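Chains, contacts and geometry: an overview
For reference, the chains in residue letters:
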Amino acid sequence: MGSTPLIMMPLHKGSDGFMSSEQYEKFYWPTFKQVMLKMINEGLIPTPFAEGLFDTRLEYITELPKGSTVWFFDRTDMHRAKDVLRDVCCIMGNVPITMIATGTPDQVKAHCKDLIDYCGKDGGYILSPGTQIDDGQEETIRAMVDFTKEYGVYR
């Protein structure tokens, strides 16, 4: 058998704006946490894609076993995610698709530099777009990839 598989899990309905914190805590998190723990206990690595904002949900993630998950964030405040989840899990994402679709290569590079410098400090961060890049401009996609290769691969 190969290496331990990552299990991608799109979380379309768990974001901050979809339900209140009270509803999330009562209905969403307990069941989702149970599913995550069962996968972890089976040797899998859950990789939830936290679509939208998960700024108010970050503390819940600290209830999971350390080093057991990779969280892929779309629009969550990545500085806060790094601060809260620093010793809990690997985080990835948050190069905004809007920037990739309408920004300039220099804007993309500056954003990537900030993410690498802050979130990548001491490891535990994978630079990637916040979501699919189907509508991205070739020059901004290349800027993200090339800048990361030159600046941030092993920082």
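Let us look at the structure shown here. As the structure is a computational prediction, the values presented were derived from the model and not from experiment.

Calculation notes
Each chain carries its own residue numbering, running from 1 in the written order of its sequence. In keeping with the model being predicted, local features are shown solely for residues with a pLDDT of at least 70 and side-chain atom pairs are shown and tallied solely at 80 or more, while totals for entire chains, interfaces and linings include all residues. Hydrogens are left out, water is left out, and the side-chain values use all remaining heavy atoms of the structure. Where helices and strands are cited, they refer to DSSP runs of H or I of at least four residues and of E of at least two residues respectively, numbered from the N terminus. Relative accessibility thresholds used throughout: buried, under 20% of the residue-type maximum; exposed, over 50%; partly exposed, between the two (1.4 Å probe, protein chains only). Between two residues, a contact is recorded if the distance between any of their heavy atoms is within 4.5 Å. We define a polar contact as two N or O atoms separated by no more than 3.5 Å, with the added condition that, inside protein, one atom must be a possible hydrogen donor and the other a possible acceptor, whereas residues neighbouring each other in sequence contribute only through side-chain atom pairs. DSSP bridges decide pairing: two strands pair if at least two such bridges lie between them. With the strands aimed away from the viewer, a crossover counts as right-handed if its path from the first strand over the helix to the second runs clockwise. Here a salt bridge means any side-chain nitrogen of Lys or Arg lying within 4 Å of a carboxyl oxygen belonging to Asp or Glu. Aromatic pairs are defined between Phe, Tyr and Trp rings, using the six-membered ring for Trp, whenever the two ring centres lie within 6.5 Å; interplanar angles under 30 degrees are classed as stacked, those over 60 as edge-to-face, and all others as tilted. Only lysine NZ and arginine CZ atoms are considered, and such an atom sits over a ring when it is within 6 Å of the ring centre and within 35 degrees of the ring normal. We call a set of buried Ala, Val, Leu, Ile, Met, Phe, Trp, Tyr and Cys residues a nonpolar core when their side-chain atoms join them within 4.5 Å.

**So, the environment of Y118**
Along the chain, Y118 turns up in helix 5 (residues 105-119). By relative accessible area, which is 30% here, Y118 ends up partly exposed. Residues Y118 and K82 lie 36 residues apart in sequence; the distance between their C-alpha atoms is 7.9 Å. Leave out the neighbours within four places in its chain, and Y118 touches H79, K82 and D83. Only 2.6 Å separates the side chain of Y118 from the side chain of D83, close enough to count as a polar contact.

**As for the pairing of strand 2 (residues 45-50)**
Of all 6 residues making up strand 2, 5 are buried, and the element is well covered by its neighbours. Two strands pair when backbone bridges link them, and strand 1 (residues 6-10) and strand 2 are joined in this way by 5 bridges, in the parallel orientation. Residue pairing in the sheet places I7 in a bridge with P46 of strand 2. Note on the crossover from strand 1 through helix 1 (residues 21-41) to strand 2: the handedness is right-handed.

**Digging into the pattern of salt bridges**
Using the criterion set out here, one finds 7 salt bridges in the structure. Ionic pairing is found between E138 and R142, a salt bridge with its closest N-O pair at 2.8 Å. Here E138 and its partner R142 are both found in helix 6 (residues 138-152), 4 residues apart, which amounts to about one turn of the helix.

**Some remarks on the packing of aromatic side chains**
Applying the stated criterion across every chain, the model contains 10 aromatic pairs. Arranged with centres 6.2 Å apart and planes meeting at 20°, the rings of W71 and F73 form a pair that is stacked. F73 carries the same exposure label as W71, and that label is buried. Considering the side-chain rings of F147 and Y151, the 5.0 Å spacing of their centres and the 20° angle between planes classify their relative orientation as stacked. In this pair, F147 and Y151 both sit in helix 6, 4 residues apart, roughly one turn of the helix. Following the ring pairs from residue to residue traces out a cluster consisting of Y24, Y28, W29, F32, Y60, W71 and F73. A cation over a ring is seen here: R57 above Y24, with NZ or CZ 4.1 Å from the ring centre.

**A closer look at the nonpolar core**
Core analysis: the largest hydrophobic core is formed by 37 residues, its most contacted members being I61, W71, F73 and I91. Those elements that place two or more of their residues in this core are helix 1, helix 2 (58-61), strand 3 (70-73), helix 3 (78-85), helix 4 (97-102), helix 5 and helix 6. Here this core takes 6 residues from helix 1, the largest share from any one element. The residues contacting W71, other than those within four sequence positions of it, are L11, F32, M36, P48, A50, I61, L64, C89, C90, I91 and M92.

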